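One-letter residues, chain by chain:
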Amino acid sequence: MGKAFLFSLATAVGLAAVPVAACPDWQGTPHFGQIDLWAGFEPDPYVRRITAGGFNSLENCFTGGYTGYVTTRPDFDLYWNGYSGQLTIAVEASADAILLVNDPNGDWFYSDDYRGTNPAITFYDPEEGLYDIWIGSYDGSRRNPGRLIFTEYDY
């Protein structure tokens, strides 16, 4: 075998050992469960305890200024039903949290500092269907207690 072939083989084996960055996978089972909410839901807001954080850098997965760290699987799944003028998804956490949402159309939405270091995303005339939600941290910290909030009111 020639040196070039051995070098190519060694390079290929070396590249195979490099870990691939894990990006958000909307098909994963959510860490903190799911809920079906209908427009006009009561009580409003709906609040769920969560833990913010992750170890996968969004900079490796998205362009356009998405920074922070999330888990591969969603943290929570919302199945939205009915018509509403707006739906806000927000996070209140003890750490600098980030929020990433994949909407029913497959579009990605990101928020970092909406209210202090807490993120929020408002969907106007929200589409019916599945919203996959990741609650990460800006600095890569994990196990940060927090609350995931859904409301149709101004936030």
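Here the structure is shown first, and the text comes after it.
Describing the packing of aromatic side chains
Here's step 1: For the coordinates displayed, the defined rule picks out ten aromatic pairs.
Here's step 2: Relative to W108, the ring of F62 has its centre 5.1 Å away and its plane inclined at 65°; by these criteria the two rings are edge-to-face. You can see F62 sitting in the loop between β3 (56–57) and β4 (69–70) and its partner W108 sitting in strand β8 (residues 108–111), a full 46 residues away along the chain.

Thoughts on the pairing of strand β1 (residues 34–38)
Here's step 1: The alternating pattern of β1 places I35 and L37 on a buried face, while none of Q34, D36 and W38, on the opposite face, is buried.
Here's step 2: Note that β1 and strand β5 (residues 76–81) share five bridges and pair parallel. When the bridges of β5 are listed, I35 appears paired with L78.

Focus: the pattern of salt bridges
Here's step 1: Inspection of the entire model under this criterion finds one salt bridge.
Here's step 2: Residues R147 and E92 are paired through a salt bridge, measuring 2.9 Å at the closest nitrogen-oxygen approach. With R147 in strand β11 (residues 144–151) and E92 in strand β6 (residues 86–93), the pair connects residues that are 55 residues apart, well separated along the chain.
Here's step 3: Taking the relative accessible area as the measure of exposure, R147 reaches 32% and is therefore partly exposed.
Here's step 4: Taking the relative accessible area as the measure of exposure, E92 reaches 25% and is therefore partly exposed.

Looking at the side chain of D112
Here's step 1: Structurally, D112 can be placed in the loop between β8 and β9 (120–124).
Here's step 2: The side chain of D112 sits in the buried core without any salt bridge; R115 is the nearest counter-charge, 14 Å away.
Here's step 3: Ignoring anything within four residues of it in the chain, the contact list for D112 reads D96, A97, I98, T117, N118, P119 and Y138.

What counts, and at which threshold
- Residues numbered from 1 in each chain as written.
- Predicted model: local features only at pLDDT ≥ 70, side-chain atom pairs only at ≥ 80, totals over all residues.
- Heavy atoms only, no water.
- Phe/Tyr/Trp six-rings, centres within 6.5 Å; stacked < 30°, edge-to-face > 60°.
- Helix = DSSP H or I, 4+ residues; strand = E, 2+ residues; numbered from the N terminus.
- Buried < 20%, exposed > 50% of the residue type's maximum accessible area, 1.4 Å probe, protein only.
- Pairing = 2+ DSSP bridges.
- Salt bridge = Lys/Arg side-chain N within 4 Å of Asp/Glu carboxyl O.
- Lys, Arg positive; Asp, Glu negative; His and termini not counted.
- Contact = heavy atoms within 4.5 Å.

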